[in-house]
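# Structural overview for review
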Amino acid sequence: MTTTRRKIVVLYGSQTGQAETIANGIHEDAVYNNYDSNVFCLKEEGKEFVITDVTCVIFVCSTTGDGDPPENARKFIRSINRKSLSETHLSKLNYALLGLGDTNYSTFCGGPKKLEKALKQRGAKSFFKTAYADDGTDLEDTVEPWIEGLWPALDVYFSSLGTMPNNVMVRNVQSCETVNHTRTEVNDVKADMENLALSKDKIPTIPKDDPSTSSLLSNMTSVDSSQSLLNSFETEIPSNEMLNMSSAPFPGSEELATITLSPLSKQWIGMRFVDAERISLQSQDFKYQNGHSFPLATSETILTKLVEAKQLTRDDAVKIAMEITLKTEDQFPYQPGDSISVCCENPKEEVDWLISRLSLNDVADNAAEFFVLPNSSKKATNPCPYVPRIFTIRYAFTYCIEIRSVPKKMLLRSLAEYTTDQSEIRRLQELSSKQGGHEYVALIREKNVCILDLLAAFKTCSPSFELLVQHLPRLMPRRYSLINSPLVSKNHLSFAFNVVKFEKDIGRMYARDGICTGFLHNLGNASSNTTNQNISQLPSIKVFRTKSTGFCLPTDTSPPLVMIGPGTGVAPFIGFLRHLEALSAQTTDRWLFYGCRHKDRDYLYKDELESYLNKGILSRLLVAFSRDPTSSESPKYVQDNLKLHSLDIANLLFQKRAIFYVCGDARNMAKDVRQCIIEIITKERNCSDKEAVDLFKQVLDEKRYREDIWA
Ligand SMILES: Cc1cc2nc3c(=O)[nH]c(=O)nc-3n(C[C@H](O)[C@H](O)[C@H](O)COP(=O)(O)O)c2cc1C
């Protein structure tokens, strides 16, 4: 038996960061379990690692676009797909693959499937069953058990090679052992930080002439707007009983003590305050999220002015829809169907409350920097690249960290280490445990609970800022389809959205708007209340163009189009139609299927759509009203109208080779529309379900069924 350490490489391809986080977690677990482990992005092939030199690899790869691998995995896949390579090129490589995707998209896990196909073609061998995790339901349902099974599989694999087993194997340890062990780590971290903390009493001066810092400066006032939020938490605690009260024993476990906890993720981000005199704060230090690139961005982040905000729905509509128009200083190249991403900020009262709750009021506006804690296996020089190198806690919480994200089990597990009350510790451990999985989903994930709710419910929990930064994701810009045509509006970008509302609920301690739609709604209200039309005083919004997923008009305007977009899903089609009108592109085969609740309250762009019909830009406009149908037979949803025109749809799909576009809600509408099209194929082609699915796949392959959907 050899005595070499077991060596693994964890490789990820990730578009928005989830696969990367999971890969880092596997790497940390591996180091903890005494593996000689490294973690790299697939794009680092040839620089950080050479694929033909490694023998045991754990791949974590997601999907983007229309069943495509993430951008940072494409070159790797292309390189191993090269025809010149032999079938045994990767025969030394043994791998396990975890794929991420979302079943709401038509090609589930296309990215990892392409990766695995390429690996197999070159002779790589799988030593553990590939799993596909579904972000449309819950990634963790698949990710957790897969990682649990990975360690024994690795053990079997390495045993077969005759390498020494690792002497510590603590994947599923009894809770008390883990807690004892990791408490020391937490104390070490705190001691490290105390030693490293520098002067806290100098407040940095931030240049006032940088427009990107103006709202930051206004946020730095010491007015504590968190008070009302705090009051609402204080008075409503009983509604949260379920969250902080134990309901164990869980099904399947005989007594409380048998919950199994995953190992604590080691804290590796440290923060120290820096003496403002030692540094000169440049304006770029406060570039939005440090100017760090965004996945799917295809332009620089630009500063725009909000010039118009209008409500598209009547006040008595179930949801408020708004249209925002931004003015750009320079021309902003785009195509109809393109989207822009809006850089939003967290609500000031929530940031203030969080800072108060973490007892950080005195230091929230001091200059600080992150560092990698000594003894960490992390190699990163900049632990958090999307936070400026020199930052303030208030800035990071306002602009960089997703404080509304649903806390992962790993965070709950870590929060237990920062809690003093025994029953709260126990409850946090339960919710993070394997046995508490159902409760976690029902009380945290499905209720969209965030860290603020947890800190309101678990009163003795007092985590550090660094711990939250390590566990909470980056605040990501939100994407909206443009409703403009570049032929009509060169310097104006408009988009429509529903203001998302979350009512108070069990675990959800206060009613709230969606982060970005609430941010835009408030800015819109503020700008429409001002009589001052001086553009420099209008609210600024940072945006960038987002990569198109093929959701664009064909260059030749002749192919028939079928557009299906209920609610705000109609937005890109408004852009299409404005463009086609500017081109005077009349047609006999351009159909739009639209749907809303009430014809008088929330029929978006009614007059404009009807005018396209009159002008021959649209040939058919079919609208379904779900809450005020004229008779019991009248269509309620877009699918009903599709079915009513079943023969036409089949003709458009096969004889006329129309391009179908679907835009809107992924979870219900897009799935139902897909199913409806398959049923139409079955009926009109008089074929079996399987044949219909195959025919539909053909249409997908021909890129004649395009989706722009969101969950
Ligand atoms: C723009 C976009 C397109 C996507 N396309 C697909 C798809 O075609 N098929 C699929 O299974 N999942 C798709 N997904 C879901 C992602 O693969 C899933 O959310 C995954 O967890 C993201 O992991 P990442 O953050 O590492 O990229 C898409 C997600 C986004 C944001």
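Residues numbered from 1 in each chain as written. Predicted model: local features only at pLDDT ≥ 70, side-chain atom pairs only at ≥ 80, totals over all residues.

The helix and strand inventory of the chain stands at 22 helices and 22 strands. Excluding contacts between residues fewer than 6 apart, the proportion of contacts in the chain whose partners are at least 24 apart in sequence is 81%. (Helix = DSSP H or I, 4+ residues; strand = E, 2+ residues; numbered from the N terminus. Contact = placed C-beta atoms within 7 Å.)

This brings us to the site of the ligand. If you check the shell around the ligand, you find 24 residues, and the closest are Ser14, Thr16, Ala19, Ser62 and Gly101. Every element with two or more residues in the shell around the ligand is listed here: α1 (18-32) and β4 (94-101). If one sorts the elements of the shell around the ligand by residue count, α1 sits on top with three residues. For the shell around the ligand, the class distribution of residues is seven nonpolar, 13 polar and four charged. (Near = placed C-beta within 6 Å. Nonpolar A, V, L, I, M, F, W, Y, C, P; charged D, E, K, R; others polar.)

Bringing unusual backbone geometry into the picture now. Although it is not a glycine, Asn290 adopts a positive phi angle of roughly 65°. The residue Asn290 is located in the loop between β8 (269-273) and β9 (302-311) in this model. Within the chain, Arg657 stands out as a residue other than glycine whose phi angle is a positive 50°. Within the secondary structure, Arg657 sits in the loop between α20 (646-655) and β21 (659-665). Classification of Arg657 as exposed rests on a count of 12 C-beta atoms within 10 Å. (Buried ≥ 20, exposed ≤ 12 C-beta atoms within 10 Å, placed from the backbone.)

The strand order β13-β11-β17-β9-β10-β14 describes an open sheet built from six strands, whose pairing is antiparallel. Each edge of the sheet is formed by a strand with only one pairing partner; in this case those strands are β13 (478-481) and β14 (492-498). Looking at each pair of strands side by side, their axes are set apart by 40° on average, direction ignored. (Pairing = 2+ DSSP bridges. Axes fitted to C-alpha atoms, helices over the stretch in contact; angles between N-to-C directions.)

The next thing to look at is the packing of helix α9 (residues 348-357) against helix α10 (residues 393-400). At a minimum axis distance of 10 Å, the contact between α9 and α10 shows a crossing angle of 135°. By the criterion of interaxial angle, the relationship of α9 to α10 is oblique. The handedness of the crossing between α9 and α10 is right-handed. On α10, the residues that touch Val351, Leu354 and Ile355 of α9 are Ile393, Arg394, Phe397 and Thr398. (Parallel < 35°, antiparallel > 145°, perpendicular 65-115°, else oblique. Left-handed = near helix turned anticlockwise from the far one by under 90°.)

For the chain, mean pLDDT is 84; residues scoring 70 or higher make up 84% of the total. Below a pLDDT of 50 lies the segment residues 167-223, which in the model reaches 79 contacts outside its immediate sequence neighbourhood of four places, other chains included. Contacts from residues 278-285, a stretch scored under 50 in pLDDT, to residues over four places away or in other chains number 14 contacts. (pLDDT = per-residue confidence, 0-100.)

Moving on to the UniProt feature "domain: Flavodoxin-like" (unreviewed entry) in the chain. Residues annotated in UniProt with the feature "domain: Flavodoxin-like" (unreviewed entry) correspond here to residues 8-151. From the first C-alpha to the last, residues 8-151 spans 12 Å; its make-up is 35% helix and 25% strand. (UniProt positions renumbered as here; feature names shortened; annotations may be inferred.)

Okay, the packing of α20 against helix α21 (residues 666-685) next. Where α20 contacts α21, the axes come no closer than 9 Å and their chain directions differ by 95°. Between α20 and α21, the crossing angle belongs to the class labelled roughly perpendicular. Together, Ser646, Leu647, Ile649 and Ala650 of α20 and Ile680, Ile681, Lys683, Glu684 and Arg685 of α21 make up the contact between the two elements. For the contact of α20 with α21, the class distribution of residues is five nonpolar, one polar and three charged.

Take the environment of Cys400 next. Here Cys400 shows up in helix α10. Residue classification places Cys400 among the buried positions, given that 23 C-beta atoms sit within 10 Å. Apart from residues lying up to four places away in sequence, Cys400 is in contact with Gln289, Tyr386, Val387, Arg474 and Leu475.

Right, let's talk about the nonpolar core for a bit. If you look at the biggest cluster of nonpolar residues, it comprises 130 residues, and the most contacted ones within it are Val342, Ala396, Phe495 and Met563. Top element by residues in this core is α21. It accounts for seven residues. The residues touching Met563, leaving out its near neighbours within four places in the chain, are Phe573, Phe576, Trp591, Leu592, Phe593 and Tyr661. Core analysis: the next-biggest nonpolar cluster, separate from the first, contains 44 residues, Ala23, Leu42, Val57 and Leu90 among them. (Core = buried A, V, L, I, M, F, W, Y, C linked by C-beta atoms within 7 Å.)

Turning next to the domain arrangement of the chain. Reports often express the size of an interface as the amount of accessible area lost when the parts come together. Per the domain assignment, the segments of the chain are domain 1 (7-161), domain 2 (176-291 + 347-471), domain 3 (302-346 + 477-546) and domain 4 (561-710). One C-alpha centre belongs to domain 1, the other to domain 3; they are set 38 Å apart. (Domains from an automatic or database assignment.)

Looking now at α10. Within α10, eight of the eight residues are buried, which leaves the element mostly enclosed by the surrounding structure. Within α10, burial applies to Ile393, Arg394, Tyr395, Ala396, Phe397, Thr398, Tyr399 and Cys400.

What follows is about the pairing of β9. Here β9 runs beside strand β17 (residues 540-546); their pairing, made up of four bridges, is antiparallel. The partner of Thr304 across the bridge, within β17, is Ile541. Where β9 lies against strand β10 (residues 321-328), seven bridges are found, and the strand directions are antiparallel. Residue pairing in the sheet places Glu308 in a bridge with Thr325 of β10.

Once that is clear, we can look at the pairing of β10. Looking at chain direction, β10 and β14 are connected through seven bridges and run antiparallel. Within the sheet, the bridge partner assigned to Met322 lies in β14 and is Phe497.

Quick look at the sheet that holds strand β3 (residues 56-61) now. Read from one edge of the open sheet, five strands run β2-β1-β3-β4-β5, paired in parallel fashion. Each of the sheet's edge strands pairs with one partner strand only, and the pair in question is β2 (36-41) and β5 (125-134). On average, each strand axis in the sheet is tilted by 15° relative to the strand beside it, whichever way the strands run. Pairing analysis gives six bridges linking strand β1 (residues 7-13) to β2, with the strands arranged parallel. From the neighbouring strand, Val9 faces β2, where its bridge partner is Asn38. Where α1 meets the sheet, its contacts fall on β1, β2, β3 and β4, and the angle it forms with β1 comes to roughly 170°.

Inspection of the secondary structure assignment puts Cys343 in strand β11 (residues 339-343). Between the alpha carbons of Cys343 and Tyr399 there is a distance of 8.5 Å; along the sequence they are 56 residues apart. Excluding its chain neighbours within four sequence positions, the residues that come into contact with Cys343 are Tyr288, Thr301, Pro477, Lys542 and Val543.

Another point: the environment of Gly17. Looking at the element boundaries, Gly17 is found in the loop between β1 and α1. In this view, Gly17 contacts Pro473 and Arg474; residues no more than four positions away in its chain are not counted.

The next thing to look at is helix α4 (residues 139-161). When the terminal C-alpha atoms of α4 are compared, their 32 Å separation across 23 residues agrees well with the 33 Å that a helix rising 1.5 Å per residue should span. For α4, the elements touching its buried residues are β1, α1, β3, β4 and β5. Gly162 sits one or two residues past α4 and shows a positive phi near 85°. (Expected span 1.5 Å × (residues − 1).)

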